[in-house]
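Close look at the chain arrangement
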Amino acid sequence: FRRCTCVIVSVCEDTMEVLTGLSFPLPGEIQTVPRAELYAIKYLVCNCFFGIIDIASDSKTNVDTYNDPDKSKMQKSLNADLWYKIKQSLRRVWC
């Protein structure tokens, strides 16, 4: 049985020193690294109510899906549920 962990880290922009970090298990039955990274992004976007968020990911799958011009990859993704929640949260912030 495979389990993945989500990690969120805050770093100093100038020195890249780690300021704080948070890790927690990925909930649910689907346990993949791209889903864990996307869940961490969803958690951050849904729970951060002020400030600027810079997100860095080494998940080519998630980066390519985000940068898809017509966003159809989000709807077809195995992680469409998380993409939907991220889009809803961003709409709330930017409206």
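Residues numbered from 1 in each chain as written. Predicted model: local features only at pLDDT ≥ 70, side-chain atom pairs only at ≥ 80, totals over all residues. Heavy atoms only, no water.

**So, a nonpolar patch on the surface**
On the surface, a cluster of nonpolar side chains totalling about 440 Å² of accessible area is made up of V7, V9, V11, M16 and V18. Of all the elements, strand 1 (residues 5-11) adds the most residues to the nonpolar patch, at 3 residues. Within the secondary structure, M16 sits in the loop between strand 1 and strand 2 (18-25). (Patch = residues over 30% accessible without salt bridge, like charges linked within 9 Å, V, L, I, M, F, W, Y side chains within 5 Å. Areas by Shrake-Rupley, 256 points an atom, 1.4 Å probe, with all protein chains shown as cover. Salt bridge = Lys/Arg side-chain N within 4 Å of Asp/Glu carboxyl O. Helix = DSSP H or I, 4+ residues; strand = E, 2+ residues; numbered from the N terminus.)

**Considering the pairing of strand 1**
Bridge analysis of strand 1 against strand 2 gives 7 bridges, and the strand direction is antiparallel. Its bridge partner lying in strand 2, V11 is registered against V18. Counted along the chain from strand 1 to the antiparallel partner strand 2, the turn is 6 residues long, and its residue M16 has a positive phi close to 60 degrees. (Pairing = 2+ DSSP bridges.)

**So, the pattern of salt bridges**
As enumerated under the stated definition, the model contains 2 salt bridges in all. For the salt bridge of D81 with R35, the shortest nitrogen-to-oxygen distance reads 2.8 Å. One end of the pair, D81, is in helix 4 (residues 80-94); the other, R35, is in helix 1 (residues 33-47), and 46 residues separate them in sequence. With a closest N to O distance of 2.7 Å, K60 and D64 form a salt bridge. Within this pair, K60 and its partner D64 are both found in helix 2 (residues 60-66), separated by 4 residues, close to a single helical turn. Its relative accessible area of 30% is what places D64 among the partly exposed residues. (Buried < 20%, exposed > 50% of the residue type's maximum accessible area, 1.4 Å probe, protein only.)

Shape is all these values report; function is a separate question.
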